[in-house]
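Understanding the architecture of this molecule
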Amino acid sequence: RSPTARLEMTGISVAFGGIKALTDVSLTVEPGQVHGLIGPNGAGKTTMFNVACGLVRNTEGRITWRGEELRRLRPAQLSKLGIARTLQGVGLFPGLTVLENVMVGAHKHARAGFFSALFAIPTSDKDDARLRERAMTSLAELDADGYAARYPGSLPYPVQKRVALARALVAEPELLLLDEPASGLSEEEMRELGDLISHLSGRMSVLLVEHHMDLVMRVCDQITVLDSGKQIAAGTPAEVQNDPAVTEAYLGDA
Ligand code: ATP
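The rules behind these values
- Residues numbered from 1 in each chain as written.
- Predicted model: local features only at pLDDT ≥ 70, side-chain atom pairs only at ≥ 80, totals over all residues.
- Heavy atoms only, no water.
- Pairing = 2+ DSSP bridges.
- Helix = DSSP H or I, 4+ residues; strand = E, 2+ residues; numbered from the N terminus.
- Contact = heavy atoms within 4.5 Å.
- Axes fitted to C-alpha atoms, helices over the stretch in contact; angles between N-to-C directions.

Identification of the protein as Branched-chain amino acid transport system ATP-binding protein from Geodermatophilus amargosae is taken from an unreviewed UniProt entry.

Here it is as structure tokens:
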């Protein structure tokens with residue numbers, strides 16, 4: 001793992017019209033670590049996540065990845081930068097099979113952009129075979145290779161979520177951005193997801209936005225806590241758990 005594979009977000013502010021969604025928030029995802037981003041509803045977690053993947057433009061602050069500042073980051077550039085993400089929900093292409101969906105994620109070197117990735121036809125049968133093999137390996141890691149020929153809409157939601165994760169992992173990213181990966185999962189599935197994330201850490205850095213506190217506390221090395229767009233705490237799971245500001249923010253939300 002490259003020691004430069006560090007994501008630094010410094011002094012990030014975002015305003016939507018008159019609404020300040022984030023005010024001066026900073027966090028660093030260290031190489032090979034899992035960094036959790038938590039906070040009550042409307043705290044600004046998704047906004048921060050969207051800044052990290054170029055979906056929302058920060059009005060102030062800077063993002064540095066592998067020691068270089070990312071300016072005007074666009075989602076289409078992510079895979080070339082070694083970054084993959086899953087969004088809330090699953091976002092699979094309904095007209096493609098599970099295997100084809102994952103193959104889209106493997107088009108790391110295709111020209112940037114969703115449509116070019118989707119339509120970039122591999123130049124040779126050899127490329128095609130290699131891509132298929134990588135996609136199958138990724139599906140197998142998520143225990144979803146048995147669904148390769150199926151269409152996403154015909155599969156249970158938790159399986160669709162595994163396929164979406166396989167699509168993110170197939171590009172072998174150095175940084176994985178996960179927005180609420182546990183939503184809609186059973187306790188057992190959540191435990192498996194936790195095992196998987198722990199298994200991935202070390203191999204890649206992970207930024208995890210998640211509501212399920214048990215999962216966050218179990219898998220994260222560091223946690224940043226937001227409330228009303230501001231950072232109210234940061235540290236290890238134990239530090240954050242014992243921070244009175246965090247308890248107060250969550251009680252206020254209840
Ligand atoms: P949740 O846990 O409910 O998903 P969150 O912590 O992810 O919440 P955000 O979705 O980032 O919080 O929202 C932070 C604030 O910014 C909220 O007040 C929200 O209403 C506002 N906001 C988010 N996106 C937009 C937008 N596109 N336009 C205007 N306001 C927005």
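Here is the key point about a regular strand: its side chains alternate between the two faces of the sheet. In the sheet, strand S3 (residues 34-38) pairs with strand S9 (residues 222-227) via four bridges, with the strands oriented parallel. Bridge pairing links leucine 37 to threonine 224 in S9. As paired elements, S9 and strand S10 (residues 230-235) share five bridges and run antiparallel to each other. Bridged to valine 225 within S10 is alanine 233. Once S9 ends, the chain turns through two residues before running back antiparallel as S10, passing serine 228 with a positive phi of about 50°.

Bridge count between strand S1 (residues 7-16) and strand S4 (residues 60-65): five bridges; the pairing is antiparallel. Note on S4: the bridge partner recorded for threonine 10 is arginine 62. Two strands pair when backbone bridges link them, and S4 and strand S5 (residues 68-69) are joined in this way by two bridges, in the antiparallel orientation. Residue pairing in the sheet places tryptophan 65 in a bridge with glutamate 68 of S5. Connecting S4 to the next strand, S5, in antiparallel fashion are two residues, including arginine 66 with a positive phi near 50°.

Attention now goes to the sheet that holds S5. With antiparallel pairing, four strands are arranged side by side in an open sheet as S2-S1-S4-S5. Whereas interior strands pair on both sides, the edge strands pair on one side only; in this sheet they are strand S2 (19-29) and S5. Inspection of the sheet shows S1 paired to S2 by seven bridges, in the antiparallel sense. From the neighbouring strand, valine 14 faces S2, where its bridge partner is leucine 22. Sitting on the sheet, helix H1 (residues 45-52) touches S1, S2 and S4, and the angle it makes with S1 is about 120°.

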